[in-house]
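# Chain and residue survey
The lines below spell out each chain.
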Amino acid sequence: QVQLVESGGGLVQAGDSLRLSCAASGRTFSRYTMGWFRQAPGKEREFVAAISWSGSSTYYVDSVKGRFTISRDNARNTVYLQMNSLKPADTAVYYCAATDSRYDVAGVRDYDYWGQGTQVTVSS
């Protein structure tokens, strides 16, 4: 079991950067695949990025490739999302999530545990 708490959101201008953090409780964090999702008003929650338990495999939605980087520090029970070159289209509530799946990592229904979300707003 795991509990997740996101932080690091805020209001920035287009082109700026933010680093989101997700702190996990429990001692089994290192064996979970971790993902980031986002949800804008009136839209479905969408997959952003995921990282395997070892950190050796990462996955990104096309719209953030080359701009966002997901990473994890298992010793600190924390997963990060470094967001560079932010665009207004990135504005959303960002959620971290955990799953024990190794292969199904890009769908909302693949994840069992969710954080409370952190707001990211990007102005033009």
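For the structure, see preceding data.
Residues numbered from 1 in each chain as written. Predicted model: local features only at pLDDT ≥ 70, side-chain atom pairs only at ≥ 80, totals over all residues. Heavy atoms only, no water.

### Looking at the overall build of the protein chain
Tallying secondary structure elements over the protein chain gives 0 helices and 11 strands in all. For the C-alpha atoms alone, the extent of the protein chain along its principal axes is close to 40 × 25 × 25 Å. By the burial criterion, 44% of the 124 residues in the protein chain qualify as buried. With the model as given, the accessible surface of the protein chain reaches about 6,600 Å², and the carbon-plus-sulfur share is 45%. (Helix = DSSP H or I, 4+ residues; strand = E, 2+ residues; numbered from the N terminus. Buried < 20%, exposed > 50% of the residue type's maximum accessible area, 1.4 Å probe, protein only. Areas by Shrake-Rupley, 256 points an atom, 1.4 Å probe, with all protein chains shown as cover.)

### Some remarks on the nonpolar core
Ranked by internal contacts, the top residues of the largest apolar core, which has 30 residues, are Leu-4, Met-34, Trp-36, Leu-81, Met-83 and Tyr-94. Looking at this core, the elements that each hand over two or more residues are β3 (18-24), β4 (33-39), β5 (46-51), β7 (68-73), β8 (78-83), β9 (92-99) and β11 (118-123). Setting aside anything within four residues of it in sequence, one finds Tyr-94 in contact with Glu-6, Leu-20, Trp-36, Phe-37, Arg-38, Val-48, Phe-68, Leu-81, Met-83, Gly-117, Thr-118 and Val-120. (Core = buried A, V, L, I, M, F, W, Y, C linked by side-chain atoms within 4.5 Å. Contact = heavy atoms within 4.5 Å.)

### Focus: the pairing of β8
The buried count for β8 comes to 5 of 6 residues, which makes it a mostly enclosed element. Relative to β8, β3 runs antiparallel, the two being bridged by 6 bridges. Residue pairing across strands places Cys-22 opposite Val-79, the latter belonging to β8. As paired elements, β7 and β8 share 6 bridges and run antiparallel to each other. Residue pairing across strands places Ile-70 opposite Leu-81, the latter belonging to β8. Where β7 folds back onto β8 in an antiparallel hairpin, the turn is made up of 4 residues, including Asn-77, whose phi is positive at roughly 55°. (Pairing = 2+ DSSP bridges.)

### Some details on the pattern of salt bridges
Evaluated as defined, the whole model comprises 5 salt bridges. Of the charged contacts, one joins Arg-38 and Glu-46 as a salt bridge, the two residues approaching to 2.7 Å between their closest N and O atoms. Arg-38 sits in the buried class, given a relative accessible area of 5%. Across the pair Asp-62 and Lys-65 runs a salt bridge whose closest N-O atoms are separated by 2.9 Å. Among the residues examined, Asp-62 registers a relative accessible area of 62% and is labelled exposed. Taken together, the shared-partner salt bridges in this structure form one network comprising Arg-38, Glu-46, Arg-67 and Asp-90. (Salt bridge = Lys/Arg side-chain N within 4 Å of Asp/Glu carboxyl O.)

### Quick notes on the environment of Leu-4
Tracing the backbone shows Leu-4 in strand β1 (residues 4-7). For Leu-4, a relative accessible area of 6% translates into the label buried. With 101 residues separating them along the chain, Leu-4 and Val-105 place their C-alpha atoms 17 Å apart. Leave out the neighbours within four places in its chain, and Leu-4 touches Cys-22, Ala-23, Ala-24, Met-34, Cys-96, Ala-97, Ala-98, Tyr-113, Trp-114, Gly-115 and Gln-116.

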